[in-house]
Amino acid sequence: MSKKIPYRFYLSEDQMPKQWYNLRADMKEQPDPLLNPATLQPLKEEDLYPIFCKELAHQEMDSETRYIDIPEEIQEMYKIYRPSPLIRAYNLEKELDTPAKIYYKFEGNNTSGSHKLNSAIAQAYYAKKQGLTSLTTETGAGQWGTALSEACAYFGIPLTVYMVKCSYEQKPFRKAVMQTFDADVIPSPSDTTVVGRKILAENPGTTGSLGCAISEAVEKATTTEGCRYVLGSVLNQVLLHQSVIGLEAKTAMELLEEYPDVVVGCAGGGSNLGGLIAPFMRDKIVDNKNIRIVAVEPASCPSFTRGKYAYDFCDTGMVTPMAKMYTLGSGFIPSANHAGGLRYHGMSPILSKLYHDGLMEAVSYEQTKVFEAAKLFARVETILPAPESSHAIKGAIDEALKCKETGEEKTILFGLTGTGYFDMTAYSAFHDGTMIDYIPTDEDLQKGFDKLPKIDR
Ligand SMILES: *Cc1c(COP(=O)(O)O)cnc(C)c1O
């Protein structure tokens, strides 16, 4: 007799992970090293000290330590909003009339509304421990800025957030949340940095870009004593912190005597997906488990499905180290009418390597299809999903519909990364029919590829 699986399943506090899992330790081949843009030589840990605090620089380069202790103070804060529930989507299954079992891990139960808090806490903690006196970052849609504001307020470390000007103006409530946590929120480009003043002089009316906000944040960090710059996705250290998602999900499924046949997640820079799949990818690599991993990305910013696997800069300003990854080129700017999130030109080097080696798959969807999935999901599961997360919903629905055709009773697990309450402008555009599906042409993409650095390795 199989036992009745509850709608929502929570681990107890003492079942929560006490260590993060570093997937690199089990990868047969490592991702290619980060390169110093000036010398084109592989970076050493010390080279990262001016940018990241030491412990995080160490985590970034550490491809050997399989399990890394989560410091007590971080575990304490995780307990305020974790474990996150593993939810059995009974209603969605019924709606789709599928024999598949659908589970999702919901990361939206905190003020930041997304999984980003899992890494923000770790980054703020290590900065505080090293005695740094302030942090700086950029935010586009605003989730990362919100998460980091919360974490910095908790550990008592001042934060400056450069927020892309058009978001600053369109999402005043995001700014107000960050201010509640005492962050200094500056619309970018601004007159507070040399690079910001230069950009403003050249384009007085500009509404800013992520690349420009990164350049301002990096300048602030490198010109301010005791200040460092932090990033909310893409990096190895961020995927490491996000492994709590996958570790909790795997323990919960084991307790329910379940195991996924397919794991689906949305991919912007790859942090939630990398965290969710980490322990399952381990099983695939080490134990030869027959499990499929599917990344879902927007058709308007298709890094995996149409990008090139090449060395590229991580930012538009070309000041950061270079990473080998699936990229559309650091100059690629996704269409302005693409709603919220998943707009990054590149992809986590770890996930890029796994995809390149055939260990995972990727699909892309147009945004109106994604919002149709979001609407259906909200109606039956009563959670209003973030547009980013809705890509994973759409991917999971399509997997479940395939099972309906074949009659297979597969178990699907997907990552529901957050809620969409600050994205109602996009929802409105979807409801009133003004949302546009933009897919870049091959010529559009070629412009980005033409500007890739020419590196022969
Ligand atoms: C930032 C964000 C993402 C995408 O980031 P990844 O690093 O690819 O995980 C997805 N969902 C939500 C809700 C986000 O805030």
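Worth saying up front: this structure is predicted, and the values here are computed from it rather than measured.

Things to note about the overall build of the protein chain
When helices and strands are tallied, the protein chain shows 17 helices and 15 strands. Computed over its C-alpha atoms, the radius of gyration of the protein chain comes to 21 Å, within 12% of the 23 Å expected for a compact globule of 457 residues. Along the three orthogonal principal directions, the C-alpha set of the protein chain runs to about 65 × 50 × 50 Å. Residues counted as buried form 61% of the 457 residues belonging to the protein chain. Contacts spanning at least 24 positions in sequence make up 76% of the contacts within the protein chain whose residues lie at least 6 apart. Counting only carbon and sulfur atoms, one obtains 51% of the accessible surface of the protein chain, whose full area is about 18,200 Å². Positive and negative side-chain charges of the protein chain, numbering 47 and 59 respectively, have mean locations separated by a distance of 1 Å.

A closer look at the domain arrangement of the protein chain
The assigned domain composition of the protein chain is domain 1 (8-15 + 83-113 + 235-449) and domain 2 (19-25 + 46-68 + 116-229). Taking only C-alpha atoms, the centre of domain 1 and the centre of domain 2 are 23 Å apart. Listed per partner, the contact involves 31 residues of domain 1 and 33 residues of domain 2. Interface of domain 1 and domain 2: buried area, both sides summed, is about 2,800 Å²; carbon and sulfur atoms make up 62% of it. In this structure, the connection of domain 1 to domain 2 is made through 1 salt bridge. Across the pair D423 and K171 runs a salt bridge, and its minimum N-O distance is 3.3 Å. When residues of the side of domain 1 that touches domain 2 are traced back to their parent elements, those giving at least two are α10 (236-255), α11 (271-286) and α13 (349-356). A total of 10 residues in the side of domain 1 that touches domain 2 trace back to one element, the largest contributor, which is α10.

Quick notes on the site of the ligand
Neighbouring residues of the ligand: 18 residues in total, closest K116, S233, G268, S271 and T417. At 3.2 Å, a side-chain N or O of H115 approaches an oxygen atom of the ligand. Mapped onto the shell around the ligand, the elements with two or more residues apiece are α11 and α15 (387-406). Among the residues forming the shell around the ligand, the class breakdown is 4 nonpolar, 12 polar and 2 charged.

Description of helix α17 (residues 442-450)
Those residues of α17 lying buried are L445, G448 and F449. Projection of α17 onto a plane perpendicular to its axis shows the buried side chains occupying an angular sector of 100°, all on one side. Of the exposed residues in α17, those oriented more than 90 degrees away from the buried face are E443 and K447. Here the buried face of α17 lies against α12 (303-306), β12 (308-313) and β13 (322-327).

Some remarks on the packing of helix α14 (residues 367-381) against α15
Following both chains from N to C, one finds α14 and α15 inclined at 85°, their axes separated by 8 Å at the closest point. Considering the angle they form, α14 stands roughly perpendicular to α15. Residue-level contacts link K369, V370, F371, A373, A374, L376 and F377 of α14 to P387, S390, H391, I393, K394 and I397 of α15. When its residues are assigned to classes, the contact of α14 with α15 shows 9 nonpolar, 2 polar and 2 charged.

Observations regarding the layout of surface pockets
Approximately 350 Å³ is the volume attributed to the second largest pocket. Residue lining of the second largest pocket: 23 residues in total, with I51, F52, Y229, T320 and P321 positioned closest to the centre. In terms of residue class, the lining of the second largest pocket is made up of 16 nonpolar, 4 polar and 3 charged. Mapping the lining of the second largest pocket onto the domain boundaries places at least three of its residues in each of domain 1 (8-15 + 83-113 + 235-449) and domain 2 (19-25 + 46-68 + 116-229).

Let's talk about the sheet that holds strand β4 (residues 86-88)
In sheet architecture, strand pairing relies on hydrogen bonds along the backbone and comes in two forms, parallel and antiparallel. The mixed open sheet is built from 7 strands, whose spatial order is β1-β4-β5-β15-β10-β11-β14. At either margin of the open sheet sits one strand with a lone partner, and together these are β1 (8-9) and β14 (361-365). As paired strands, strand β11 (residues 292-298) and β14 are joined by 5 bridges and run parallel to one another. The residue of β14 that forms the bridge with P298 is Y365. Against the sheet, α11 touches β10 (262-266), β11 and β15 (411-416), its axis set at about 165° to β10.

Some remarks on the sheet that holds strand β6 (residues 134-139)
Strand order across the open sheet formed by 4 strands is β8-β7-β6-β9, with parallel pairing between neighbours. Here the strands that pair on one side only, and so sit at the sheet edges, are β8 (184-188) and β9 (227-229). Direction aside, the axes of adjacent strands within the sheet are offset by 25° on average. Inspection of the sheet shows β6 paired to β9 by 3 bridges, in the parallel sense. Of the residues in β9, the one forming a bridge with S134 is C227.

Parameters and conventions
Per chain, residues are indexed from 1 in the order of the written sequence. Selection of residues for local features in this predicted model requires a pLDDT of at least 70, selection of side-chain atom pairs for listing and counting requires 80 or more, and totals for whole chains, interfaces and linings are taken over all residues. Calculated side-chain values reflect all of the structure's heavy atoms, with hydrogen atoms and water omitted. Helix numbering and strand numbering both begin at the N terminus, where a helix is a DSSP run of H or I of at least 4 residues and a strand a DSSP run of E of at least 2. Restricting the calculation to C-alpha atoms gives the radius of gyration, and the globule rule supplies 2.2 Å times the number of residues raised to the power 0.38. Burial status follows relative accessibility: with a 1.4 Å probe on protein chains alone, a residue under 20% of its type maximum counts as buried, one over 50% as exposed, and anything between as partly exposed. Should any heavy atoms of two residues lie within 4.5 Å, those residues are counted as being in contact. Accessible areas in this description were obtained via Shrake-Rupley with a 1.4 Å probe; residue shielding takes into account the shown protein chains only. Only four residue types enter the tally: Lys and Arg on the positive side, Asp and Glu on the negative side; His and the chain ends are excluded. To locate a charge, the coordinates of NZ of Lys, CZ of Arg, CG of Asp or CD of Glu are taken. Residue ranges assigned to the domains are those given by an automatic or database domain assignment. Buried area counts how much accessible surface, traced with a 1.4 Å probe, disappears from two parts once they are put together, with both parts' losses summed. For this document, the term salt bridge refers to a Lys or Arg side-chain nitrogen within 4 Å of an Asp or Glu carboxyl oxygen. Being near a molecule or strand, for a residue, comes down to having at least one heavy atom within 4 Å of it. Any N or O atom pair separated by 3.5 Å or less is treated as a polar contact, with the protein-specific requirement of one donor-capable and one acceptor-capable atom, and with residues adjacent in sequence counted only for side-chain atom pairs. Each residue gets one of three labels, nonpolar for Ala, Val, Leu, Ile, Met, Phe, Trp, Tyr, Cys and Pro, charged for Asp, Glu, Lys and Arg, and polar for the others, Gly among them. Think of the arc as the fan of directions from the helix axis to the C-beta atoms. Each axis is a line fitted through C-alpha atoms, and for a helix only the stretch in contact is used; angles between axes span 0 to 180 degrees, taken between their N-to-C directions. Throughout this description, any angle smaller than 35 degrees is read as roughly parallel, any larger than 145 degrees as roughly antiparallel, any in the 65 to 115 degree range as roughly perpendicular, and the remainder as oblique. Grid points spaced at 1 Å and placed over the protein atoms alone form the basis of the search, with a cavity being a set where a 1.4 Å probe fits but cannot get out and a pocket an open set showing protein on both sides within 12 Å along at least five of seven lines. Lining residues have an atom within 4 Å of a point. Grid points are joined across faces, edges and corners, and a volume is the space filled by probe spheres set on the points. Only strands joined by at least two bridges in the DSSP assignment are considered to pair.

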